[in-house]
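Residue strings, one per chain:
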Amino acid sequence: MQDTQYGKQTRRAAVAVVSAATAALLITACGPGGDGPGPAAAPTAAPTAAATASTVPSATHPAPTKGTTASGAPATGTTPTAGSPSAGAAPACAAGDLKVDAHQAQQRPPGTGVGAAIVAFTNTSAHPCTLQGFPTVAGAANGSPDRNAPLAVTHTGSATPVRVAPGGKAWVKLTFVQVQGEGDGSCASGATPVAYPTLVLGLPGAGAHQVALDDGLFAECDNKVTTTALLATSPS
């Protein structure tokens, strides 16, 4: 009875040994290549953060440059360059660039004097230039423009830059206190009318210019005149 139990235990131990050996052979047989024994494959390491980042495709859009957004649209608040429409204004007209003439205005106060006159400034240079502002006005004879009598000037309207092309013009309109009556006429104020053969107009930054009417004299009262600023279109 004891021999039988011992024999069973011995056979069970032998079977266990055989099973373990068989499993080891199967594992060895499944090595690389599957043709025979070989070393077991090393476990694959998990990708590091650096490796993962290097494999991600980079964006195709270039980095935004100054003055643009990442999408290529202009950025707001950028400063205009010299090539923008706001740059490259024409220089101020020089006194020698301008030719002056004057004629009686169509729309003028009723009376027998000149009433109102249109004075035109023509750019005789080969380049555009800019005029701006209100003129000073003085009455003078036909001689030196330095010998003149300044008139009290009242401004009407606002002054904006006028770009004058070569051969182009800018204008002012002068409106006087009108002379009344026939003959030598009279002034409503009781003053004596004055008739000047020429006027001297001083332009801001563009010198003084003496001009005569195309017909007649500048007859006015009270040594007063109302003037527009320099205009891009001719008044009437």
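Residues numbered from 1 in each chain as written. Predicted model: local features only at pLDDT ≥ 70, side-chain atom pairs only at ≥ 80, totals over all residues. Heavy atoms only, no water.

Caption draft 1: Spotlight on the overall build of the chain. Each helix and strand in the chain was counted, giving two helices and 12 strands. Traced from its N-terminal end to its C-terminal end, the chain shows the element sequence α-α-β-β-β-β-β-β-β-β-β-β-β-β. A burial count over the chain gives 28% of its 236 residues as buried. Taking the intrachain contacts of the chain between residues at least 6 apart in sequence as the baseline, contacts between residues at least 24 apart amount to 73%. (Helix = DSSP H or I, 4+ residues; strand = E, 2+ residues; numbered from the N terminus. Buried < 20%, exposed > 50% of the residue type's maximum accessible area, 1.4 Å probe, protein only. Contact = heavy atoms within 4.5 Å.)

Caption draft 2: Inspection of unusual backbone geometry at higher detail. Unlike most non-glycine residues, Asp-222 shows phi in positive territory, near 70 degrees. By the secondary structure assignment, Asp-222 is in strand β12 (residues 218-228). Taking the relative accessible area as the measure of exposure, Asp-222 reaches 28% and is therefore partly exposed. Even without being a glycine, Asn-223 presents a positive backbone phi close to 50 degrees. By secondary structure assignment, the location of Asn-223 is in strand β12. Among the residues examined, Asn-223 registers a relative accessible area of 30% and is labelled partly exposed.

Caption draft 3: Region of the structure containing the side chain of His-209. Along the chain, the position of His-209 falls in strand β11 (residues 207-212). Residue His-209 is classed as buried on the basis of its relative accessible area of 6%. Here Ala-206 takes part through its backbone oxygen, which lies 2.7 Å from a polar atom of the side chain of His-209. Those residues in contact with His-209 that lie beyond four places of it in its chain are Ala-95, Leu-98, Val-100, Phe-121, Leu-199, Val-200, Leu-201 and Leu-203. (Polar contact = N/O pair within 3.5 Å; in protein donor to acceptor, adjacent residues only side chain to side chain.)

Caption draft 4: Quick peek at the packing of aromatic side chains. Per the stated rule, a full pass over the model turns up one aromatic pair. Ring centres of Phe-176 and Phe-218 lie 6.3 Å apart, and the angle between their planes is 55 degrees; this geometry places the pair in the tilted category. With a gap of 42 residues between them, Phe-176 in strand β8 (residues 169-177) and Phe-218 in strand β12 connect regions that are remote in the sequence. For the pair shown, Phe-176 and Phe-218 are each scored as buried. (Phe/Tyr/Trp six-rings, centres within 6.5 Å; stacked < 30°, edge-to-face > 60°.)

Caption draft 5: Representation of the confidence of the model for the chain in the model. When pLDDT is averaged across the chain, the result is 75; 63% of the residues are at 70 or more. Taken as a whole, residues 1-87 scores under 50 in pLDDT and shows 23 contacts with residues more than four places along the chain or in a different chain. (pLDDT = per-residue confidence, 0-100.)

Caption draft 6: Up close: the sheet that holds strand β5 (residues 148-150). Strand order in the open sheet formed by four strands is β5-β4-β10-β11, and the pairing between neighbours is antiparallel. Bordering the open sheet on either side are β5 and β11, each of which pairs with just one other strand. Neighbour to neighbour, the strand axes of the sheet diverge by 30 degrees on average, direction disregarded. (Pairing = 2+ DSSP bridges. Axes fitted to C-alpha atoms, helices over the stretch in contact; angles between N-to-C directions.)

Caption draft 7: Expanded view of the state of the cysteines. Here the structure, examined in full by the defined rule, presents two disulfides. Shown here is the disulfide that connects Cys-93 with Cys-129, its sulfur atoms set 2.0 Å apart. Its torsion about the S-S bond being 85 degrees, the disulfide of Cys-93 and Cys-129 is classed as right-handed. Highlighted residues: Cys-93 in the loop between α2 (49-55) and β1 (98-104) and Cys-129 in strand β3 (residues 129-131), separated in sequence by 36 residues. Given a relative accessible area of 0%, Cys-129 falls into the buried group. One disulfide in the model links Cys-187 with Cys-221; its S-S distance is 2.0 Å. Negative torsions about the S-S bond denote left-handed disulfides, and the value of about -90 degrees found for Cys-187 with Cys-221 makes this one left-handed. (Disulfide = S-S within 2.5 Å.)

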